[in-house]
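# Structure at a glance
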Amino acid sequence: MATRGIRRGPLFSICVFHILLSSYGTSHVQSEPSIFECSNEDKKTLLEFKKTANVVLNWSQQTDCCTWKGVGCEQFIEDQNSSHVFNLSLPNMGLEGEIPSILGNLVFLQYLNLSSNQLNGSLPNNLSSLQNLKTLDISNNKLSGNVIVFEHMVSLESLDFSRNNFSGGMPSYLGLIQIEEINGSHNTMQGEFPSESLCENCPQLKIFDFSFNKFSGSLPNGLSLCMHLEEVYLASNMLIGSIPKDLFNITSLSVLCLDDNKFTGELDDSIGMNLHNLTTLFLCNNNFSGNLPTSLSQMSKLRRLVLSNNNFTGSVEFLDFSNFPSLEVLDLHSNAFSGSIPTS
């Protein structure tokens, strides 16, 4: 059933900074439920979408589209004579074909979930018209092409385009100033990972997952510009070289997963000096070498430490496991360590 109310639109909004939960674009104003039916324009758009997607839905010209399955409406100050669609949620509904460009006509849309369907083809440029969109989930489809269209969705706070067939590199400019979460994992994106531009253009970013892609080359400096970063997932790419030292300066970081790449060299001793909030460190299946840095003992919140299948050497007897009261997983196998692992 639709939720109705009054929303203050972009002309009246106040830009308030917060990672992923800012009110940039369209802010909410509490009110009594609206008595108005959805606009004719939105109804026409949804019916055309239903036809294009080749799906059976209980959407009918004779009923208010705000009562349709997967549709949420609210009244907006810009048009108080009708309600407009602000939420379209149709996961796992058997949608087929390309995402129609007509969806760009739902200009009040804030939440769009088309995940786990059979959608294919490239993203229509008209999606960039959704300037109020805060959450977009198109994961687990068969979509392809590039992701340039995202760079114009300035109100996005959460973006999930994982488990598709997107290719090419990340746009050099991805001005998503409100974005907090990006999941682009399990695609075929390639090229150098744009650490600096990503953080410069997405300053509120907390979580990003680009694991299981084809990013290559060294991981550039610049991730420390994401001052609120909490979780980094870049596993199963083709990244080489050493881990940039500035990554170890992100004090908010709690998860770092760089496993299944081609990283080499020794771990810098600064790794444990600032990452006091780190709970998960996955560096397995790389080509790291040398002794483990003694600063690892300073990561008192570690729960999972997985360093297996590398070329680490030296003793691990310096590790005082009394410093890791929450440790649940420790995997050091397939290295060249000497001595014994402390029992406590």
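Residues numbered from 1 in each chain as written. Predicted model: local features only at pLDDT ≥ 70, side-chain atom pairs only at ≥ 80, totals over all residues. Heavy atoms only, no water.

Moving on: the overall build of the protein chain. In terms of helices and strands, the protein chain carries 3 helices and 25 strands. Counting only residues that meet the buried cut, the protein chain has 51% of its 344 residues in that class. For the protein chain, the proportion of contacts with a sequence separation of at least 24, taken over those separated by at least 6, is 55%. (Helix = DSSP H or I, 4+ residues; strand = E, 2+ residues; numbered from the N terminus. Buried < 20%, exposed > 50% of the residue type's maximum accessible area, 1.4 Å probe, protein only. Contact = heavy atoms within 4.5 Å.)

The subject of this paragraph is the confidence of the model for the protein chain. On average, the protein chain scores 86 in pLDDT, and the residues at 70 or more come to 87%. Under a pLDDT of 50 for its full length, residues 1-34 has, in the predicted model, 101 contacts with residues more than four places off or in other chains. (pLDDT = per-residue confidence, 0-100.)

The next subject is the pattern of salt bridges. Once the charged atoms of two side chains with opposite charge are near each other, the side chains can pair. In the structure shown here, the tally under the stated rule is 2 salt bridges. Taking the shortest distance from any N to any O, the salt bridge between Lys245 and Asp268 comes out at 3.3 Å. In this pair, Lys245 is assigned in the loop between strand E17 (238-241) and strand E18 (255-257) and Asp268 in the loop between strand E19 (262-265) and helix H3 (271-274), connecting sequence segments 23 residues apart. Taking the relative accessible area as the measure of exposure, Lys245 reaches 52% and is therefore exposed. Two residues, Arg304 and Glu328, come together in a salt bridge whose shortest N-O distance is 3.7 Å. Linking Arg304 in strand E22 (residues 304-306) with Glu328 in the loop between strand E23 (311-315) and strand E24 (329-331), this pair joins segments that are 24 residues apart in sequence. Under the relative-accessibility criterion, Arg304 is labelled partly exposed at 26%. Judged by relative accessible area, which is 57%, Glu328 ranks as exposed. (Salt bridge = Lys/Arg side-chain N within 4 Å of Asp/Glu carboxyl O.)

Here the focus is the sheet that holds strand E9 (residues 142-145). Spatially, the 11 strands line up as an open sheet ordered E5-E7-E9-E11-E13-E15-E17-E19-E21-E23-E25, and their pairing is parallel. A strand with exactly one partner marks an edge of an open sheet, and here the two such strands are strand E5 (96-97) and strand E25 (336-338). Of the pairings in the sheet, the one linking E23 to E25 comprises 3 bridges and is parallel in character. If you follow Gly314 over to E25, its bridge partner there is Phe337. (Pairing = 2+ DSSP bridges.)

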